[in-house]
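Residue-level structural notes
Spelled out from the first residue to the last, the chains are:
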Amino acid sequence: MTLLVAGTDTTPVTAEWAMSLLLNHPLVLKRARAELDHHVGHDRLAEEPDFVKLPYLQRIINETLWLFPAAPFLVPHESSNYCTIGGYDVPPSTMLIVNSWSIHRYPKVWEDPESSRPERFEGLEGEVEAYNFIPFGRGRRSCPGAGLANRVMGLALATLIQCFEWERISEEEVDLTKGTGLIMPKVKPLEAMCKARECILNVLSKL
Ligand code: HEM
């Protein structure tokens, strides 16, 4: 049951935030498409083994998880012993809630925390754990689906970017207001316009 609840909405919600950010930052979208065109080409869809050659796509995923972590308060934890956190004495059996949203936007740790810049993850591959980046939690109870979620998001975003031209439905930026709920949804579901890319019609017609 936990697997179903934790694994169903989190990934699509994150993909929706990612597409919303890309529509508001067409240059980032253009760069992601150029990376895909260069390393995957126009004769097939991106596959998992391609990911090592697609660092910018991974930075876009990281940036999305960083700005809009699907579980912004992780899952409540409980202290098993006396401990001290940030100078506070915490007795055993205390419910502890970690606010990843605030940690990700903490200006003493992250430069320019409110803006969307996938480039901030450049050079941090494999080191992000040391940089207060905890969209999947940390430690023994961290998300067991992190690897799967990263791969599914990678494949979904790569396919959407590779196969379609994307545009906002108006000049106005996509509304990035976050809604309430355990899994952070958008207040307004994303609406966008897309058109199949000429160069990929051949691949699409064989699906
Ligand atoms: C973007 C996608 C996802 C995000 C952001 C996410 C995030 C999280 C977070 C923050 C936690 C709590 C970690 C903690 O409290 O330290 C968690 C727990 C969990 N997640 Fe995910 N998750 C995602 C996708 C998935 C998927 C695809 C699955 C399974 C197929 C999954 C299964 C679980 C389970 C079973 C737990 C509970 C682990 C435990 O209590 O020991 N998650 N996830």
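As shown above, the structure is provided for reference.
A few points on the structure. (Residues numbered from 1 in each chain as written. Predicted model: local features only at pLDDT ≥ 70, side-chain atom pairs only at ≥ 80, totals over all residues. Heavy atoms only, no water.)

On to the coordination of the iron atom of the ligand. Six octahedral donors around a metal ideally make angles of 90 or 180 degrees; four tetrahedral donors ideally make 109.5 degrees. Protein coordination of the iron atom of the ligand is limited to a single donor, Cys143 (SG), which sits 2.3 Å from the metal. By the secondary structure assignment, Cys143 is in the loop between helix H5 (100-104) and helix H6 (146-163). (Donors = N, O, S within 2.8 Å, 3.2 Å for Na, K, Ca; no water. Helix = DSSP H or I, 4+ residues; strand = E, 2+ residues; numbered from the N terminus.)

Along the chain, Met153 turns up in helix H6. For the pair formed by Met153 and Ala70, sequence separation is 83 residues and the distance between their alpha carbons is 13 Å. What Met153 contacts, discounting residues up to four positions off in sequence, is Thr11, Thr14, Ala15, Ile61 and Leu65. (Contact = heavy atoms within 4.5 Å.)

Quick look at empty space enclosed by the protein now. Per the stated rule, a full pass over the model turns up 1 cavity of 30 Å³ or more. The space that makes up the largest cavity amounts to roughly 50 Å³. What lines the largest cavity is simply Ala18, Leu21, Leu22, Val28, Ile60, Glu63, Thr64, Ser116 and Pro118. Secondary structure elements with two or more residues in the lining of the largest cavity: helix H2 (10-24) and helix H4 (55-67). Split by residue class, the lining of the largest cavity holds 6 nonpolar, 2 polar and 1 charged. (1 Å grid on protein atoms, 1.4 Å probe; cavity = no way out; pocket = protein on both sides within 12 Å on 5 of 7 lines; lining within 4 Å. Points joined across faces, edges and corners; volume = space filled by probe spheres on them. Nonpolar A, V, L, I, M, F, W, Y, C, P; charged D, E, K, R; others polar.)

Another aspect to go through is H6. Its 18 residues give H6 an end-to-end C-alpha distance of 26 Å, which sits within 8% of 26 Å, the value for a rise of 1.5 Å per residue. Regarding H6, the residues found buried are Ala146, Ala149, Asn150, Met153, Gly154, Leu157, Ala158, Ile161, Gln162 and Cys163. Elements in contact with the buried residues of H6: H2, helix H3 (26-39), H4, strand E5 (164-168), strand E6 (192-196) and helix H7 (201-205). (Expected span 1.5 Å × (residues − 1). Buried < 20%, exposed > 50% of the residue type's maximum accessible area, 1.4 Å probe, protein only.)

Between its first and last C-alpha atoms H3 spans 20 Å; for 14 residues at 1.5 Å apiece the expected length is 20 Å, and the two agree. Looking only at H3, the buried set comprises Val28, Leu29, Ala32, Arg33, Glu35 and Leu36. Along the axis of H3, the buried positions cluster into a sector of 155°, meaning they face one direction only. With respect to the buried face of H3, the exposed residues turned more than 90 degrees away are Pro26, Leu27, Lys30 and His38. In this fold, the buried residues of H3 make contact with H2, H4, H6 and E5. (Arc of directions from axis to C-beta.)

Nothing here speaks to function; it is all geometry.
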